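Working through the structure, step by step
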Amino acid sequence: MLFLQQLRGELRKLFARPRTWMGYGAFFLMEALILFVYKREGSQRHMRGLMERNGLEFGTYYSSLTITFTIMLVSMFLLGSIYFALVAGDIVAKENEDGNLRMVFARPVSRLRLLLVKYAAVALYTFSFVIFVGISGYLMAVLAVGREGGLFVLEPRMKVFAAYPDWWEGAWRLALSAVGIGVSMITLSSLAFMFSCFRIKPAAATIITLTILFVDMILQGFPFFKPYESCFITWRMSAWVFFMETHLSWPKLVESYAFLIGLDVSLFTLGWAVFQTRDFKT
Amino acid sequence: MLEASGLTKSFGAKPALDHFSFKVERGEIYGLLGHNGAGKSTTLGIILGMVMPDGGDVTIGGVSVLKDRSQALCKVGAIFEAPAFYDYLSGWENLRILMGYSGGFDPSAARETVERVGLTKRIQSKVRTYSHGMRQRLALAQSLLPEPEVLLLDEPTDGLDPEGIKWFRDFILQLRRERGMTVLFNSHLLGEVELMCDRVAILRDGKRVFEGAIGGLHDDAPLFDVEFDPWDGALALVHAAGGELITPGRIRLPEGADPAVLVESLVRSGIRVRALAPVRRSLEDLYMEIHHGATPSD
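A quick note: this is a predicted structure, and the numbers were derived from the prediction, not measured.

Here we look at the overall build of chain A
Across its full length, chain A carries 12 helices and two strands. Its helices and strands taken in sequence order, chain A reads α-α-α-α-α-α-α-α-β-β-α-α-α-α from the N to the C terminus. Taking 2.2 N^0.38 as the reference for a compact globule, 282 residues should give roughly 19 Å; the C-alpha atoms of chain A span a radius of gyration of 20 Å, in line with that estimate. Counting all 282 residues of chain A, 41% fall into the buried class.

Structural notes on the sheet that holds strand 4 (residues 55-60) of chain B
Residue and element names in this part refer to chain B. If you trace the four strands from one edge of the open sheet to the other, you get 2-1-4-5, paired in antiparallel fashion. Looking at the sheet topology across the chains shown, the edges are occupied by strand 2 (14-24) and strand 5 (63-64). Where strand 4 and strand 5 come together, two bridges link them in antiparallel fashion. Along strand 5, the bridge assignment pairs I60 with V63. Its contacts with the sheet put helix 1 (residues 40-47) on strand 1 (2-11), strand 2 and strand 4, and the angle it makes with strand 1 is roughly 115°.

Re the nonpolar core
In terms of nonpolar packing, the biggest core is built from 140 residues, with L152(B) and F185(B) touching the most fellow members. If one sorts the elements of this core by residue count, helix 5 (residues 64-90) of chain A sits on top with 14 residues. Discounting residues that sit within four places of it in the chain, L152(B) has contacts with L44(B), I47(B), L48(B), V76(B), A78(B) and L184(B).

With respect to the environment of G99(A)
Residues and elements named next belong to chain A. Take G99: it is sitting in the loop between helix 6 (93-98) and helix 7 (100-105). Judged by local crowding, G99 falls into the partly exposed class, with 15 C-beta atoms found within 10 Å. A C-alpha to C-alpha distance of 9.6 Å links G99 and F280, two positions 181 residues apart in sequence.

What about the packing of helix 1 (residues 2-15) of chain A against helix 8 (residues 111-145) of chain A?
Residues and elements named next belong to chain A. For the pair helix 1 and helix 8, interaxial distance at closest approach is 9 Å and the crossing angle is 55°. Comparing their axes, helix 8 and helix 1 come out oblique. Crossing geometry of helix 1 relative to helix 8 is assigned as right-handed. From helix 1, F3, Q6, L7, E10, L11 and L14 reach across to helix 8, where they touch V117, K118, A120, A121, L124 and Y125. When its residues are assigned to classes, the contact of helix 1 with helix 8 shows nine nonpolar, one polar and two charged.

A short note on unusual backbone geometry
All names here are of chain B. Here D229 and P230 are connected by a cis peptide whose omega angle stands at 5°. Locating P230 in the fold gives a position in the loop between strand 11 (223-229) and helix 8 (231-240). Located in the positive-phi region is H19, a residue other than glycine, with phi close to 50°. Structurally, H19 can be placed in strand 2. Accessibility expressed as a C-beta count within 10 Å gives 13 for H19, which makes it partly exposed.

Details of the interface of chain B and chain A
On the chain A side, the residues contacting the 30 residues of chain B number 24 residues. Per element, the largest residue contribution to the side of chain B that touches chain A is five residues, and it comes from helix 3 (residues 91-100) of chain B. Broken down by class, the residue content of the side of chain B that touches chain A amounts to 18 nonpolar, eight polar and four charged.

Thoughts on the sheet that holds strand 14 (residues 272-279) of chain B
Residues and elements named next belong to chain B. Within the open sheet, the four strands sit side by side as 12-13-11-14. Their pairing is antiparallel. Two strands lie at the open edges of the sheet, namely strand 12 (244-247) and strand 14, each paired on one side alone. If you compare each strand with its neighbour and ignore which way they point, the axes differ by 35° on average. Strand direction decides the pairing type here: strand 12 and strand 13 (residues 250-252), joined by three bridges, are antiparallel. Paired with T247 across the strands is R250, a residue of strand 13. Sitting on the sheet, helix 9 (residues 259-268) is in contact with strand 11 and strand 14, with an inclination near 165° to strand 14.

As for helix 12 (residues 250-277) of chain A
Counted at 1.5 Å a residue, the expected span for helix 12 of chain A with its 28 residues is 40 Å, and the 40 Å between its end C-alpha atoms agrees. Burial in helix 12 of chain A covers these residues: S256(A), L260(A), D264(A), L267(A), G271(A) and F275(A).

Section: the confidence of the model for chain B
Residue and element names in this part refer to chain B. Summarising the model, chain B shows a mean pLDDT of 86, and 96% of its residues fall at 70 or more. When mean pLDDT is compared element by element in chain B, helix 3 scores highest at 94, while helix 10 (residues 283-292) scores lowest at 74. Predicted confidence is poor over residues 294-298, with pLDDT under 50, and the contacts of this stretch with residues over four places away or in other chains come to 13 contacts. Taken over the whole predicted complex, pTM reads 0.86, whereas the ipTM for its chain interfaces reads 0.83.

Things to note about the pairing of strand 2 of chain B
For a regular strand, side chains alternate in direction, first toward one face of the sheet and then toward the other. Residue and element names in this part refer to chain B. Pairing of strand 1 with strand 2 involves seven bridges; the strand directions are antiparallel. The partner of L7 across the bridge, within strand 2, is F20. The hairpin turn running from strand 1 into strand 2, its antiparallel successor, is two residues long, and G12 in that turn takes a positive phi close to 65°.

Description of the environment of L219(A)
All names here are of chain A. In this fold, L219 is placed in helix 10 (residues 202-221). When the C-alpha atoms of L219 and F232 are compared, they prove to be 8.5 Å apart, with 13 residues separating the residues in sequence. With near-sequence residues (within four places) excluded, L219 lies in contact with F225 and F232.

Rules of the game
- Residues numbered from 1 in each chain as written.
- Chains lettered and ligands numbered in written order.
- Predicted model: local features only at pLDDT ≥ 70, side-chain atom pairs only at ≥ 80, totals over all residues.
- Helix = DSSP H or I, 4+ residues; strand = E, 2+ residues; numbered from the N terminus.
- Rg over C-alpha atoms; globule rule 2.2 N^0.38 Å.
- Buried ≥ 20, exposed ≤ 12 C-beta atoms within 10 Å, placed from the backbone.
- Pairing = 2+ DSSP bridges.
- Contact = placed C-beta atoms within 7 Å.
- Axes fitted to C-alpha atoms, helices over the stretch in contact; angles between N-to-C directions.
- Core = buried A, V, L, I, M, F, W, Y, C linked by C-beta atoms within 7 Å.
- Parallel < 35°, antiparallel > 145°, perpendicular 65-115°, else oblique.
- Left-handed = near helix turned anticlockwise from the far one by under 90°.
- Nonpolar A, V, L, I, M, F, W, Y, C, P; charged D, E, K, R; others polar.
- Expected span 1.5 Å × (residues − 1).
- pLDDT = per-residue confidence, 0-100.

This is the structure in structure tokens:
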């Protein structure tokens, strides 16, 4: 009960800062732009070609579900990661920099408890942000192209191709994958959170996290790293696409999410270990 | 109530505290003095568990901070110089969040405390709109909400105007009268420490160089500000009377010595006594003597 009260306080702080809302605004604008372009003749021609080459009828799959999938596939890593790294990189380091931590440390709360509360707040923010992008993207797509239609999935990098003509089946898969992305992105937040526990500036925690993420993505793209692609964090984080496969491969999914959750726990533990040994002078 | 024993801490090669011990009895106000970097804030940091000592321990109400920080701090309130609140939230929300880490928020107790520190009208305003004095009042409110038995004050009156300083001092003294609160007061304002504290410790380079009761400052041998002409001859007579020159223009006579006897012998020797005024030895005098071996007039 007390944990929930503390978590509520952390979330109140998190959502009281304009910086936290920047991501929501940016995604909202980007979704609007994607929809605008999606409705253009040229874009439709490209999508039509893509679907028809795969033996699918354009009218069935040119839908709000397909648009939502595309938005989440393209934007989450490139844009979402910035906001997750920013918020998680700030959560401890910024409070230390501003001196707020001193006020909290005068309270009978352990450092582990404090970090657990902050980590839970960051994880909730990350997850809810992904769900927000999914829901807002879908609602905007419905306004643009209507509710009807199936789901067309093409992700060459992860070798996933699927088509769901039935709306319910497509919506269910999309919802499942949104949960998958939410859990995946918590790993990125965990990385930034760990650096935030170190004796560094909040901006440094954000930049180091994004550097690691982008280096991981770049290296993964090199052809000679192909045999080792499953060792990359971003490859594992992309495992949510497997929720879209026609036949769900649970072992593959469990392996990737076990990897990510194990990494989350390790990053938190490392951050806590460093935080525990730090001196916070008044 | 609060006891530190053998506190030792170094930051890298720089020693910050060197086997510092002190004990504050229940209901006592204990002052901690020292130059910047003397180890005052490190001591406070160790008491609050923010700084890990290399050696020694602190107990609050018999509970070790190092062994059971949460239990030890459950009846402790603290105020820092320039308290850093969440500026983008209201004072009320700040109290709610901070009390979440002190066993829970009780709105009626919070209202009562806010009223007591005189912040009721502005408690719903964002902290960024507060003056320094209002922030200190909010700091006081947050420190009192857990109903502490021990209050740790780290330069709490720095930056306050004279009215604010007096209000703060009266408030703390009233708390001690009403609740028998134990207070550790860390300040550069020697006058404030003298007015508030029962006992003080003076730190220099992490070592305790003095500890004593404020009342005891005035029990020492009497001091006098003097002006004699000529000086050389007068000095010999001062020494003959058992006195000593503390600084130019200030002498100390042996306890119980009558200054009139000295004046008489000076006049008889043809020395003009232009002034001889008793001086009440202040904490500042003591502090300067310890740190510089001289008074500020030096």
